[in-house]
Amino acid sequence: MAETLLEVKDLKMYFPVTRGIVIQRKVADVKAVDGVSFTIKRGETLGLVGESGCGKSTTGRAILQLYRPTAGSVKFDGKELTTMKGEELRRQRRRMQMIFQDPYASLNPRMTVGSIIAEPLEIHKISSGKEKQERVQELLRLVGLNPYFAQRYPHEFSGGQRQRIGIARALAVNPDFIVCDEPISALDVSIQAQIVNLLQDLQQELKLTYLFIAHDLSMVRHISDRVAVMYLGKIVELTDYKTLYDEPKHPYTQALLSAVPIPDPAIEEKRQRIILQGDVPSPLNPPAGCRFHTRCPRVMDVCRHVEPEWKNVGTADREHWVACHLYD
Amino acid sequence: MATLLEVKGLETKFFTHEGVVHAVTDVSYKLDEGETLGIVGESGSGKSVSVLSLIRLIPQPPGKITGGEVWFDGRDLLKVSDEEIRQVRGNRIAMIFQDPMTSLNPVLTIGQQITEALELHLGMDKRQARARAVELLEMVGIPDAATRLDDYPHQFSGGMRQRVMIAMGLSCNPQILIADEPTTALDVTIQAQIIDLVKELREKVGMAIIWITHDLGVVAGLANRVIVMYGGRIVEEARVHDLYHRPYHPYTLGLLHSVPRLDAAHTGRLIPIDGLPPDLIDMPPGCPFAPRCTFKIERCDVENPPLEYVSSTRRVACWRWEEMAARQDGGFRG
């Protein structure tokens, strides 16, 4: 069994809703992430899926301390990050990087590709001068770009190439752990596979650990070892990719899987879809009890009042975590 | 089935500072009554522009429809007067778009927006129009329709706004509904709701649908026939089963292989299509897909293959389609 690299316990991230201009009173909290726990082993890819607004990106950012969590603990390689500050935190950040969704918004248009990739090397005082230039060229080659591109600007590149630049920047500091926040959602179908393959190759070569955040269940299944499903600020189910797709337990996971279109008309004709009614409720005022009860096709009375417990319904060596009263 | 719409040799260009963008080149197809046609392509493939051109919704300038005919109801829509095309738009041919927030007017209630078309096209008075609007909203599954009529677009969620758009689209009983990526901005469970609704309405109303998407999965369960576009041209057209099970064009095959399937074995790697889509300003002289094609031969670089009927129901533009077909029909299923 590989060692645990990241341990997240009861992580909460609330954003205050304020009223007033001069004197701001807090009137409510948006509970974007409301108590999630999971671990990631070294070299593993954990997929985090959910619909927009479920808190999956916020979870990624709170882990990296880009948002300071409201409560809970994030242990990276045994060290608690939530209480860390200043230089100490910066040193840890060298080991944790992020790849963003929008390759158009996440690269500074006024910097050359070379200086974008070199910036983390300067900030963390890793290398300078000729050594730095060589490292930039090496990184460009690593992500499948021409080293000569270092002199160019982001607007000269396509979406897929820009995403490669973003990956090179993340790799510059030799991180152990990368949060991939919807890294392929903005790309065309034929380009997505190129980037996913690159991420998988780099993982092997550099022994990286990924948290792969996405709404595309087919892609998450393809790339992940284990998958966590989020709904309205909570993880409702977590297990290995195979069990999750073959024997989903939570009614939300079941509905989500059944909603994904499969590019095969013969299968589509026969498929029975679970169509969820209504929309996702507001995280400002989430439903009492189980948060999914307002849309759940198998809702029971207890679901409306009592929050389901997060427990392992699988075995010790094949864990299957779920939060649902159906398995009480 | 009778042909409802016939597009012949459509060509649309955009005249920009950087040069002439060949957005749509030589696009021809037919749409039968009550049929659902899927048009699949990536960004820049010309799928949206080719359909917007049908009802002359191309911003001019910089765009211009430079050639072709669009036969509907016994006349060429590209030749009729502006007044006549307005009678067709929203009335006989309706459209729903990807982003319902930007296609609804934020300062008018949705009631005002639905009744406008009813009064304009069908000559209803205010009371009739309002009653019909309630009916339409109920038909698309908006709860409490009579009160929601006085709400503004921002008071609806994304999925509900798309339902409103569909209600507006269907308000004048169109013969054709054009859907331009209507579920792309929606979450997967909401997308399933909308597709389910469209299927139900199709049964009930019987309109023909042109559904534009980049997602091969979405049209697999929805369309009767699928057109694949690349670089502003149609590269393949086939009945839905043929296209997915026996693609003849290397691009279609490549697309099917590059997406992971939820139901497939967890294989090691995806097979991407290498390279980048063509530059529509500076198109290669041969086949637009040649620079990325794994089946390329010398001829592909110099001569663009014509889109030919290879059977009574399918067309393909590839010099090597016969070899592709032999491979596919010989039981090969990637």
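These numbers come from a predicted model, not from an experiment.

A short note on the overall build of chain A
Thought 1: Counting its regular elements, chain A contains 10 helices and 12 strands.
Thought 2: In terms of C-alpha radius of gyration, chain A reaches 21 Å, essentially the compact-globule figure of 20 Å for 328 residues.
Thought 3: Along the three orthogonal principal directions, the C-alpha set of chain A runs to about 70 × 60 × 45 Å.
Thought 4: Counting across all 328 residues of chain A, residues that qualify as buried make up 54%.
Thought 5: Put simply, of all contacts in chain A between residues at least 6 apart along the chain, 63% involve residues at least 24 apart.

Quick word on the sheet that holds strand S10 (residues 234-240) of chain A
Residues and elements named next belong to chain A.
Thought 1: Taken together, the 8 strands give an open sheet; going across it, the order is S6-S7-S8-S3-S9-S10-S12-S11, and neighbouring strands pair in mixed fashion. With one partner strand each, in any of the chains shown, strand S6 (96-99) and strand S11 (311-312) form the two edges of the open sheet.
Thought 2: The strands that helix H6 (residues 189-206) touches are strand S3 (45-49), S6 and strand S8 (209-214); relative to S8, the one it contacts most, it runs at about 160°.

Focus on the sheet that holds strand S1 (residues 3-16) of chain B
Residues and elements named next belong to chain B.
Thought 1: Strand order in the open sheet made by the 4 strands is S2-S1-S4-S5, with antiparallel pairing throughout. The open sheet has two free edges, formed respectively by strand S2 (19-32) and strand S5 (75-76), since each of these has just one partner strand.
Thought 2: In this structure, S1 lies alongside S2, joined through 10 bridges in antiparallel fashion. Paired with Phe15 across the strands is Val20, a residue of S2.

Topic: the side chain of B:Arg320
Residues and elements named next belong to chain B.
Thought 1: On the secondary structure map, Arg320 appears in the loop between strand S12 (315-316) and helix H13 (321-329).
Thought 2: Polar contacts involving the side chain of Arg320 include one to the main-chain carbonyl oxygen of Phe295, which spans 2.7 Å.
Thought 3: Non-local contacts of Arg320, meaning those with residues more than four positions away in its chain, are made with Phe295, Lys296 and Ile297.

Concerning the domain arrangement of chain B
All names here are of chain B.
Thought 1: Partitioning chain B into structural domains gives domain 1 (1-92 + 174-334) and domain 2 (102-171).
Thought 2: Distance from the C-alpha centre of domain 1 to the C-alpha centre of domain 2: 30 Å.
Thought 3: Between domain 1 and domain 2, the contact holds 17 residues from the first and 11 residues from the second.
Thought 4: For the pair domain 1 and domain 2, the two sides together bury roughly 1200 Å², of which 69% comes from carbon and sulfur.
Thought 5: Counting every contact that joins domain 1 to domain 2 gives 0 salt bridges.
Thought 6: For the side of domain 1 that touches domain 2, the elements supplying multiple residues, two or more each, are helix H2 (82-88) and helix H8 (188-205).

Side note on the pattern of salt bridges
Residue and element names in this part refer to chain A.
Thought 1: Counted by the stated rule, this structure contains 44 salt bridges over all chains.
Thought 2: Between Arg273 and Glu268 there is a salt bridge whose closest N-O contact spans 3.1 Å.
Thought 3: Two residues, Arg304 and Asp301, come together in a salt bridge whose shortest N-O distance is 3.4 Å.
Thought 4: Asp301 gets classed as exposed once you look at its relative accessible area, which sits at 53%.
Thought 5: A single network of salt bridges, built from pairs that share partners, joins Glu3, Arg42, Asp77, Arg95 and Asp176.

Considerations on the packing of aromatic side chains
Residues and elements named next belong to chain A.
Thought 1: One pass over the full model with this rule turns up 11 aromatic pairs over all chains.
Thought 2: Here Tyr231 and Phe292 contribute two aromatic rings whose centre-to-centre distance is 5.0 Å and whose plane-to-plane angle is 80°, an arrangement assigned as edge-to-face. Highlighted residues: Tyr231 in strand S9 (residues 226-231) and Phe292 in the loop between helix H10 (265-270) and S11, separated in sequence by 61 residues.
Thought 3: Of the residues examined, Phe292 reaches a relative accessible area of 1% and is grouped as buried.
Thought 4: Linked through ring pairs, Tyr231, Tyr252 and Phe292 together constitute an aromatic cluster.

Quick word on the pairing of strand S8 (residues 208-213) of chain B
Regular strands have side chains that alternate between both faces of the sheet.
Residues and elements named next belong to chain B.
Thought 1: The element S8 is largely enclosed, with a buried count of 6 among its 6 residues.
Thought 2: Here strand S7 (residues 176-180) pairs with S8 via 5 bridges, running parallel. Bridging from a neighbouring strand, Ile176 pairs with Ala208 of S8.
Thought 3: This β-α-β element, S7 to H8 to S8, shows right-handed connectivity.

Scoring rules and cut-offs
- Residues numbered from 1 in each chain as written.
- Chains lettered and ligands numbered in written order.
- Predicted model: local features only at pLDDT ≥ 70, side-chain atom pairs only at ≥ 80, totals over all residues.
- Heavy atoms only, no water.
- Helix = DSSP H or I, 4+ residues; strand = E, 2+ residues; numbered from the N terminus.
- Rg over C-alpha atoms; globule rule 2.2 N^0.38 Å.
- Buried < 20%, exposed > 50% of the residue type's maximum accessible area, 1.4 Å probe, protein only.
- Contact = heavy atoms within 4.5 Å.
- Pairing = 2+ DSSP bridges.
- Axes fitted to C-alpha atoms, helices over the stretch in contact; angles between N-to-C directions.
- Polar contact = N/O pair within 3.5 Å; in protein donor to acceptor, adjacent residues only side chain to side chain.
- Domains from an automatic or database assignment.
- Buried area = accessible area lost by both parts, 1.4 Å probe.
- Salt bridge = Lys/Arg side-chain N within 4 Å of Asp/Glu carboxyl O.
- Phe/Tyr/Trp six-rings, centres within 6.5 Å; stacked < 30°, edge-to-face > 60°.
- Right-handed = clockwise from strand over helix to strand, strands pointing away.

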